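If you want the building blocks of each chain, they are given just below.
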There are 2 protein chains.
Amino acid sequence: MQRTSLTKNPCPVARALDSIGDWWSLLIIRDAFDGVRRFGDFQRSLGVAKNILTARLRRLVADGILALEASSDGTPYQEYVLTAKGEDLFPVIVALRQWGEAHFYRKNERHSVLVDRHDNKRVQKIQVLSSNGKLLSPSETLVKKPSALE
Amino acid sequence: MQRTSLTKNPCPVARALDSIGDWWSLLIIRDAFDGVRRFGDFQRSLGVAKNILTARLRRLVADGILALEASSDGTPYQEYVLTAKGEDLFPVIVALRQWGEAHFYRKNERHSVLVDRHDNKRVQKIQVLSSNGKLLSPSETLVKKPSALE
DNA sequence: CCGTATCCATTCCGATACTG
DNA sequence: CAGTATCGGAATGGATACGG
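Residues numbered from 1 in each chain as written. Chains lettered and ligands numbered in written order. Predicted model: local features only at pLDDT ≥ 70, side-chain atom pairs only at ≥ 80, totals over all residues. Heavy atoms only, no water.

**Student:** Residue-level account of the relation of the copies chain A and chain B, with values.
**Tutor:** Copies of the same chain, two in number, are related to each other by a rotation about an axis and a translation along it. Superposing chain A onto chain B takes a rotation of 180° plus a shift of 0.0 Å along the axis, which leaves an RMSD of 0.0 Å. Interpreted geometrically, this transformation is the action of a two-fold axis. Across chain A, the smallest distance between a C-alpha and the rotation axis is recorded for A:Asp22, namely 2.6 Å. A shared binding surface is used by both copies, with 100% of the interface residues of chain A retained as interface residues in chain B. (Least-squares fit on C-alpha atoms with pLDDT ≥ 70 in both. Contact = heavy atoms within 4.5 Å.)

Put into C-alpha cells, the structure is as follows:
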C-alpha cells in the first residue's frame, strides 16, 4: 500500500509537508539558499546517494520549488535554482535553524549563524506576532476552521 | 545500511531535521499545538497506523519534544504534552502553515487560519528581520561558519 | 561532469489481530 | 482505551557500474 497523500488534506501544514516533509528535501533547499546549484555540489554537500538525489530534485522541480536553468558559467550543464515558491520557504529554514541552534548544541559548542549581509550582525529570532505587533505564545493563538469564519 | 545520522552534523538545520524531519513528526506536533494529547486522538486525527504512531511518539519523547503526563481528567491513562523544547517549534509550524496557505490552495478554496485568541484577528506573516528591524530577503543574508566568527 | 540503471538491505507504512 | 505483535508491500538509502 502506498503512503497516504496529503495533497488533499484540509490542513495547510499537511499539504506543505507533502512536498517537503521528507528527510532530504529541506536540506537540499537549505543548500540552495546557501548558493548551491549543481547536482554534484548537492551530492557532495549532503553525502546522499545519487539516485536518491535525482528523485528528490525531480520532485522539487515538479512541485515548482526548484527550476532548471542554463548554467551561469560557461559549462553546458543545467543548474537547480529556487523559484519564488521555493524562496518563500526562507522563514521555515530560518525557524528550523534557530530551533536547532537552541536545542542541539552543548554550551561550548559553536555553530554557524545567519547574519545580515550589510552589517554582519545576527538576524533576529523569528517570532509569531499579532496584528498589532505583540509577541504571541502558542496558547494565545487558535486555529480557526474555514467554516467558522464569519 | 542505516540512514546516516545527522546528530553530529555541523549544521543546525540538519540536527533539527534529524529529530523532526520525517513525514509524521511535524504533524503530531501540529496536533499537539492544537490541544491533542491522547494516543487515540492523534491516531484518529492523523489516520496513521498505530504502530507507526507508537514509534513516532516514543522518538519525540526520547528527544525531549513531548513528555508523558498523568491525564488531566479522571482517566487512568497518560497524555503526551509539549515540553518547552517542543513549544519552541511554534515558529516552525507557523511558517510551514503560512507557506502551505500561500501555495497549495486554489483561488476560491478556503482553509483554516491562525488567529490571536484575544481579538480573533489573523496572525502576522512570519518574517526574517535584521537586528534593526528591517525585513531581510534570502539574498541579503549569509551563513557564517563558526571559524569565521571574529 | 551529470546523471541513469541496477542491486540489495533496511526502513517505513498500512492493515489487522491481539492483549490488559 | 492504549498500546503490542506481526505481516507484506512499498519506499528509502547506499554502493557501484554504466553512458552521454
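Moving on from the model shown.
**Student:** So what's going on with helix α2 (residues 25-33) of chain B? Residues and values would help.
**Tutor:** Think of an α-helix as turning once every 3.6 residues; residues three or four places apart then point the same way. All names here are of chain B. With nine of nine residues buried, α2 lies mostly within the body of the structure. Those residues of α2 that fall on the buried side of the exposure criterion are Ser 25, Leu 26, Leu 27, Ile 28, Ile 29, Arg 30, Asp 31, Ala 32 and Phe 33. Backbone geometry just after α2 places Gly 35 at a positive phi near 100°. (Buried < 20%, exposed > 50% of the residue type's maximum accessible area, 1.4 Å probe, protein only. Helix = DSSP H or I, 4+ residues; strand = E, 2+ residues; numbered from the N terminus.)

**Student:** Describe the protein's contact with DNA strand D, with residues and values.
**Tutor:** Around DNA strand D, the structure places 22 residues, and the nearest of them are A:Asn51, B:Arg38, B:Lys50, B:Asn51 and B:Thr54. In the interface set of DNA strand D, defined as its atoms within 4 Å of the protein, sugar plus phosphate atoms amount to 68%. For DNA strand D, a phosphate oxygen lies 3.2 Å from a polar atom in the side chain of B:Thr4. Within the side chain of B:Lys50, a nitrogen or oxygen atom sits 2.4 Å from a base oxygen of DNA strand D. Broken down by secondary-structure element, the contributors of at least two residues to the surface near DNA strand D are α4 (50-62) of chain A together with α3 (39-46) and α4 (50-62) of chain B. (Near = heavy atom within 4 Å. Polar contact = N/O pair within 3.5 Å; in protein donor to acceptor, adjacent residues only side chain to side chain.)

**Student:** Just give me the short version of the layout of surface pockets, but keep the residues and values in it.
**Tutor:** Vacant regions in the atomic arrangement are exposed by a probe of water-molecule size rolled over the atoms. Of the pockets and cavities examined, the largest pocket occupies roughly 890 Å³. In terms of lining, the largest pocket is formed by 43 residues, of which the most central are A:Val143, B:Arg30, B:Asp31, B:Asp34 and B:Arg97. Put simply, the parts of the chain that give the lining of the largest pocket at least two residues each are α1 (12-20) and β4 (141-144) of chain A together with α2, α3, β2 (78-82) and α6 (90-103) of chain B. The element that contributes the greatest number of residues to the lining of the largest pocket is α2(B), accounting for five residues. (1 Å grid on protein atoms, 1.4 Å probe; cavity = no way out; pocket = protein on both sides within 12 Å on 5 of 7 lines; lining within 4 Å. Points joined across faces, edges and corners; volume = space filled by probe spheres on them.)

**Student:** Please provide a residue-by-residue account of the protein's contact with DNA strand C, values included.
**Tutor:** Inspection of the region around DNA strand C gives 23 residues, with A:Arg38, A:Lys50, A:Thr54, B:Asn51 and B:Arg56 positioned closest. Near the protein, within 4 Å, the atoms of DNA strand C are sugar or phosphate in 69% of cases. Contact between DNA strand C and A:Arg58: a phosphate oxygen at 3.2 Å from a side-chain N or O atom of the residue. The side chain of B:Arg56 places a nitrogen or oxygen atom 2.7 Å from a phosphate oxygen of DNA strand C. Of all the secondary-structure elements, those providing two or more residues to the surface near DNA strand C are α3 (39-46) and α4 of chain A together with α4 of chain B. It is α4(A) that provides the largest number of residues to the surface near DNA strand C, a total of four residues.

**Student:** Lay out the side chain of B:Ser112 with the relevant residues and their values.
**Tutor:** Secondary-structure assignment places B:Ser112 in the loop between α6 and β3 (113-116). According to the relative accessible area criterion, B:Ser112 is buried, its value standing at 10%. With sequence-adjacent residues up to four places away left out, B:Ser112 is seen in contact with A:Pro12, A:Val143, A:Lys144, A:Lys145, A:Pro146, B:Arg97 and B:Glu101.

**Student:** Describe in detail the pattern of salt bridges, supporting the description with residues and values.
**Tutor:** Applying the stated criterion to the full structure yields 20 salt bridges over all chains. In this structure, B:Glu109 and B:Arg106 form a salt bridge, with 3.7 Å as the shortest nitrogen-oxygen distance. The exposure class of B:Glu109 is partly exposed, given its relative accessible area of 23%. A relative accessible area of 63% means that B:Arg106 is categorised as exposed. Three or more residues joined by partner-sharing salt bridges are found here, namely A:Arg15, B:Arg106 and B:Glu109. (Salt bridge = Lys/Arg side-chain N within 4 Å of Asp/Glu carboxyl O.)

**Student:** Account for unusual backbone geometry, with residues named and values stated.
**Tutor:** Positive phi outside glycine occurs at A:Asn120, with the angle close to 65°. Residue position: A:Asn120 is located in the loop between β3 (113-116) and β4.

**Student:** I'd like to hear about the interface of chain A and chain B, residue by residue, with values.
**Tutor:** Contacts between the two partners involve 79 residues from chain A, matched on the other side by 79 residues from chain B. Here chain A is connected to chain B by two salt bridges. When contributions to the side of chain A that touches chain B are tallied by element, the ones reaching two or more residues are α1, α2 (25-33), α5 (84-87), α6 (90-103), β3 and β4 of chain A. The biggest single contributor to the side of chain A that touches chain B is α6(A), with twelve residues. Tallied by class, residues from the side of chain A that touches chain B come to 39 nonpolar, 18 polar and 22 charged. (Nonpolar A, V, L, I, M, F, W, Y, C, P; charged D, E, K, R; others polar.)

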